[in-house]
Amino acid sequence: MGINGDILTIDANGVTYFVTELENMSSKPSKFHDYDVLILGSGAAGLSTALHIDQSLRIAVLSKAALSSGNTSYAQGGISAVLDDEDSFDQHIADTISAGAGLCDPDVVAKTISEGSDVIDWLLSIGVDFTRDNNPQSTHQLHLTREGGHTHRRVAHVADATGNAVQSQLIDEVRKRDHIALYANYIAVDLITTHKLGLQGNCCVGAYIFNIESGEVEVFRAKNVVLATGGASKVYLYTSNPDGACGDGLAMAWRAGCRVSNMEFMQFHPTCLYHPKAKSYLLSEAIRGEGGKITLEDGTEFLHEFDPRGVLAPRDIVARAIDYMMKKHGLDNVYLDISHKPADFIKDHFPNIHARCLALGYDMTKQAIPVVPAAHYTCGGVVTDEHGQTDIAQLYAIGEVAFTGLHGANRMASNSLLECLAYGRFAGQHINRYTNESAQLVDIPAWDASRVSDSDEEIVVAHNWDEIRRFMWDYVGIVRSTKRLQRAKNRIDLLQREIDEYYSHFKVTSDLIELRNIAVVADLIIRSALARKESRGLHYTLDYPETNPSMDNINTVLIPDLNQPAAGWDTETHLSRLHK
Ligand SMILES: Cc1cc2nc3c(=O)[nH]c(=O)nc-3n(C[C@H](O)[C@H](O)[C@H](O)COP(=O)(O)OP(=O)(O)OC[C@H]3O[C@@H](n4cnc5c(N)ncnc54)[C@H](O)[C@@H]3O)c2cc1C
């Protein structure tokens, strides 16, 4: 991967320029950047981690696109926390464990849930303007909503655009700190570990980063690296997530030697707007909570045929019912209809959703809105401990990229931002305690692009992107079967070989980096789904439609083979109790 070089110069920003020794290498020097902490990702997880790290440590926060381009900005509902006198930690814990269908780690749930009110206090302290009311029962005087799975009103929110408010306030706060440098349009290609460098042990020492504007791969060396790269729902054809949610961090951690757990549990949101120009626009569950109906085109309701709770059934049941009806009747979409409610009520409760639909030609006060289920949240991820540490020393994973044990087989609504912000703090504190400021950074070779050329067949990248997302939707979607999963496995094995070959011949681009990663993630999801021979939480398979009680507390843990990291073809799949 890398080659050795000679130091040329160090500029005023601490950037070191190297010239490599390879004869046929381009004469352009590679840029080297040195930091105490390198954070990949600028959503709630990445920025909150940065804000909890001591000002004596130099931090770089990278985003592969604009700083606010991740999932965080898109969150509508809010953040769950026990803020009402009549609510309790025990009840929030019990609700989370019940949603997680036998796979939540009770210690992790208790630790995270008990952070809730501190998280909200902290967000208030940096200026997040939560919607308020004068509820005397609420210690914070905040308006609290109730979402699927919660037995109490406990979701603090900023109207129907909570994520946007949180994201912009976090960015404002980070910009005030001189010790934090922000890099937009920098996409991480791979982690650099001592194992990959042929040194002893497996410790993360930095990352190769593709500067999208210059087209060059730069080296970021750091004493700690934090993966805060978000989820992987883009691996499916239909998703509520923005374009960047390709599971880059998951794939990089896997290639570097981290265990990955519970990837079969992908959450599908039942109601994404079905419109060619709004490829990832979510219609909040709160619409159903306020009386919205799910119907066929002729207005027929059908959810009560699947669950006595009808529209108020949990989101996985609603998504499965819609998927069934769409497949049975060959439909492109179903409808979400709240037009029977007064127009002022709708505009008042859903100002942003109403405006967005109107801009796309749908007036939700007057008509039903076409919707499809869409991949929404990645419950599994990189295995971490209670500080957010992964299996690799000095590498943390925080937020949607991580598997902490909080969500189990099904994430409860609004627990994910809480997880990002709680673990941001845990990891920040751990980094403060264990970073040795005087420790030396490891010598890292520059990126070697000497043996690759510009691609002459970019169609391969576009084609493979489409193919993976299409077969993941058709074969590894809401309802699965062993036969379909096996079909998907055959295809992904083939595609991974093709993509790896392409990757070794052509210069990297953002699309190629992401394609290589979604292929890895697709493989991890398929393997995990094949390994779980039961239906539980978000994983439903026609061949094993029942939950097997003897599988309670048994997580799917994939263990990479460091000798075959690129595709990990021969890796074992273990269904085991997790020992962190
Ligand atoms: C439509 C929608 C509504 C939601 N509503 C809610 C809600 O109401 N409540 C709730 O709790 N949760 C909600 N969620 C889930 C929640 O928003 C996410 O789980 C959470 O925001 C994830 O935050 P994160 O910081 O882990 O990742 P993100 O916010 O997705 O940030 C990922 C960051 O990583 C960067 N990145 C990724 N790959 C690379 C790379 N290779 N190199 C460099 N940078 C990289 C991205 O550019 C981005 O900056 C919702 C999600 C969606 C999509």
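That block above? That's the structure.
Trainee: Sorry if this is basic, but what is going on with the environment of Y324 here?
Mentor: The residue Y324 is located in helix α8 (residues 315-329) in this model. Overall, Y324 belongs to the partly exposed group, its relative accessible area being 46%. C-alpha of Y324 to C-alpha of I478: the two residues are 154 residues apart in sequence and 9.2 Å apart in space.

Trainee: Hey, could you run me through the sheet that holds strand β6 (residues 79-80) in this one?
Mentor: In spatial order, the strands read β6-β8-β7; together these 3 strands make up an open sheet with antiparallel pairing. On the outer flanks of this sheet lie β6 and β7 (144-145), each paired with one strand and no other. With 2 bridges connecting them, β6 and strand β8 (residues 155-156) associate as antiparallel partners. Note on β8: the bridge partner recorded for S80 is V155.

Trainee: Would you explain the pattern of salt bridges in this entry?
Mentor: Once their charged atoms are close, side chains differing in charge can pair, the charge on each being opposite to the other. Taken as a whole, this structure holds 31 salt bridges when the rule is applied. A cluster of three or more residues bridged by salt bridges with shared partners is formed by E264, R532, E534, R536 and D552.

Trainee: Is there a simple way to think about helix α6 (residues 248-256) in this case?
Mentor: Residues separated by three or four positions in an α-helix point in the same direction, a consequence of the helix having 3.6 residues per turn. In terms of burial, α6 is a largely internal element, 9 of the 9 residues being buried. What α6 keeps buried is the set D248, G249, L250, A251, M252, A253, W254, R255 and A256. Where α6 ends, the next residue or the one after it, G257, has phi of about 115°, a positive value.

Trainee: What exactly am I supposed to notice about the packing of helix α1 (residues 44-51) against helix α11 (residues 415-434) here?
Mentor: In helix packing, the relevant descriptors are the interaxial angle and the interaxial distance, both defined with respect to the helix axes. As a packed pair, α1 and α11 sit with axes 8 Å apart at the nearest point and diverge in direction by 30°. One element, α1, and the other, α11, form an angle in the roughly parallel class. Our pair here, α1 against α11, has a crossing hand that is right-handed. The residues of α11 that touch α1, namely those facing A44, A45, S48 and T49, are L417, C420, L421, G424, A427 and G428. For the contact of α1 with α11, the per-class residue count stands at 6 nonpolar, 4 polar and no charged.

Trainee: Teacher, can you tell me more about the site of the ligand here?
Mentor: Among the 38 residues in the neighbourhood of the ligand, the closest are listed as N71, T72, G78, E400 and S416. At 2.5 Å, a side-chain N or O of T72 approaches an oxygen atom of the ligand. At a separation of 3.4 Å, an oxygen atom of the ligand approaches a polar backbone atom of A228. Burial of the ligand by the surrounding chains reaches 97%, relative to a free accessible area of 1,000 Å². Every element with two or more residues in the shell around the ligand is listed here: α1, β5 (59-63), β10 (186-193), β17 (369-378) and α11. A total of 4 residues in the shell around the ligand trace back to one element, the largest contributor, which is α11. Looking at the shell around the ligand, its residues break down into 14 nonpolar, 20 polar and 4 charged.

Trainee: What is the right way to read the packing of aromatic side chains from this model?
Mentor: What characterises a pair of aromatic rings is the spacing of the ring centres plus the angle enclosed by the ring planes. Throughout the structure, instances matching the rule amount to 14 aromatic pairs. Here Y236 and F268 contribute two aromatic rings whose centre-to-centre distance is 5.1 Å and whose plane-to-plane angle is 70°, an arrangement assigned as edge-to-face. Of this pair, Y236 sits in the loop between β12 (216-227) and α6 while F268 sits in strand β14 (residues 266-273), placing them 32 residues apart in sequence. Among the residues examined, Y236 registers a relative accessible area of 0% and is labelled buried. Residue class for F268 comes out buried when judged on its relative accessible area of 5%. Summarising the aromatic geometry, the rings of Y502 and F506 are spaced 4.6 Å apart at their centres and angled 50° between planes, so their arrangement reads as tilted. The exposure class assigned to Y502 is buried, which follows from its relative accessible area of 8%. The exposure class assigned to F506 is buried, which follows from its relative accessible area of 12%. Put simply, the rings of Y35, Y183, Y186 and F220 touch in pairs and so form one group of aromatic residues. For the cation-ring pair, K341 lies above F345, with the distance from its terminal atom to the ring centre recorded as 5.1 Å.

What counts and what doesn't
Residues numbered from 1 in each chain as written. Predicted model: local features only at pLDDT ≥ 70, side-chain atom pairs only at ≥ 80, totals over all residues. Heavy atoms only, no water. Helix = DSSP H or I, 4+ residues; strand = E, 2+ residues; numbered from the N terminus. Buried < 20%, exposed > 50% of the residue type's maximum accessible area, 1.4 Å probe, protein only. Pairing = 2+ DSSP bridges. Salt bridge = Lys/Arg side-chain N within 4 Å of Asp/Glu carboxyl O. Axes fitted to C-alpha atoms, helices over the stretch in contact; angles between N-to-C directions. Parallel < 35°, antiparallel > 145°, perpendicular 65-115°, else oblique. Left-handed = near helix turned anticlockwise from the far one by under 90°. Contact = heavy atoms within 4.5 Å. Nonpolar A, V, L, I, M, F, W, Y, C, P; charged D, E, K, R; others polar. Near = heavy atom within 4 Å. Polar contact = N/O pair within 3.5 Å; in protein donor to acceptor, adjacent residues only side chain to side chain. Areas by Shrake-Rupley, 256 points an atom, 1.4 Å probe, with all protein chains shown as cover. Phe/Tyr/Trp six-rings, centres within 6.5 Å; stacked < 30°, edge-to-face > 60°. Lys NZ or Arg CZ within 6 Å of the ring centre and 35° of its normal.

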